[in-house]
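Residue-level structural notes
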Amino acid sequence: MKPIKVKAFGLINFTKKQYIITQVIVFALIAVLFVLSLIYDFDKFVFGNAKAVILLITFLETMETFFMIKKFRSKELLK
């Protein structure tokens, strides 16, 4: 049985396992950036408020993950 694939942003085909691994890496990098922003001053590099930008990116990544998992679930139900 072939694994179910979903296109992310119409560009890249992902299986569910590949997508989850990618998102784990992305969220780990975001967490590292957030911790570093607490230690160092990144405000001069990121629009004057690094913590807010990192939290916004985290929110957007969470929304993307929600909708992609929803796409995977709908394709699994169709099969």
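Figured I'd write up the structure that's included with this text. Here the structure is a predicted model, which means the values were calculated and not measured.

A few words on the environment of Asn49. With respect to the secondary-structure elements, Asn49 resides in the loop between helix H1 (16–39) and helix H2 (50–78). Between the alpha carbons of Asn49 and Met68 there is a distance of 29 Å; along the sequence they are 19 residues apart.

Our next topic: the side chain of Thr15. Following the sequence through the fold, Thr15 ends up in strand S2 (residues 12–15). On the accessibility criterion, Thr15 (11% relative accessible area) is buried. Apart from the residues within four sequence positions on either side, Thr15 is in contact with Pro3, Ile4, Lys5 and Phe72.

Val6, Ala8, Phe14, Tyr19, Met68 and Phe72 together form the largest nonpolar core, which totals six residues. When residues of this core are traced back to their parent elements, those giving at least two are strand S1 (5–8) and H2. For Ala8, the contacting residues outside a window of four places in its chain are Phe14 and Met68.

Another point: the side chain of Glu64. Residue position: Glu64 is located in helix H2. Beyond its immediate sequence surroundings of up to four residues, Glu64 is in contact with Phe9, Tyr19 and Gln23.

Between the first and last C-alpha of H2 there are 42 Å, a value that for 29 residues agrees with the 42 Å anticipated at 1.5 Å per step. Looking at H2, one finds that the buried residues are Ala50, Ile54, Glu61, Glu64, Thr65, Met68 and Phe72.

Applying the stated criterion to the full structure yields three aromatic pairs. Judged by centre distance (6.1 Å) and plane angle (45 degrees), the rings of Tyr19 and Phe72 are tilted. In this pair, Tyr19 sits in helix H1 while Phe72 sits in helix H2, placing the two residues 53 residues apart along the sequence. With a relative accessible area of 2%, Tyr19 lands in the buried category. Using a relative accessible area of 1% as the deciding quantity, one classes Phe72 as buried. Both rings, one in Phe66 and one in Phe67, keep their centres 5.2 Å apart while their planes meet at 75 degrees; by these two values the pair is edge-to-face. By relative accessible area, Phe67 is classed as partly exposed at 44%. Taken together, the ring pairs connect Phe14, Tyr19 and Phe72 into an aromatic cluster.

Attention shifts here to the pairing of S2. By the bridge criterion, four bridges tie S1 to S2 in an arrangement that is antiparallel. Looking across to S2, one finds that Ala8 is bridged to Ile12. The hairpin formed by S1 and S2 contains three residues between the paired strands, and Phe9 there has a positive phi angle of roughly 55 degrees.

Thresholds applied
Residues numbered from 1 in each chain as written. Predicted model: local features only at pLDDT ≥ 70, side-chain atom pairs only at ≥ 80, totals over all residues. Heavy atoms only, no water. Helix = DSSP H or I, 4+ residues; strand = E, 2+ residues; numbered from the N terminus. Buried < 20%, exposed > 50% of the residue type's maximum accessible area, 1.4 Å probe, protein only. Contact = heavy atoms within 4.5 Å. Core = buried A, V, L, I, M, F, W, Y, C linked by side-chain atoms within 4.5 Å. Expected span 1.5 Å × (residues − 1). Phe/Tyr/Trp six-rings, centres within 6.5 Å; stacked < 30°, edge-to-face > 60°. Pairing = 2+ DSSP bridges.

Fair warning: the whole summary comes from geometry, so function is off the table for now.
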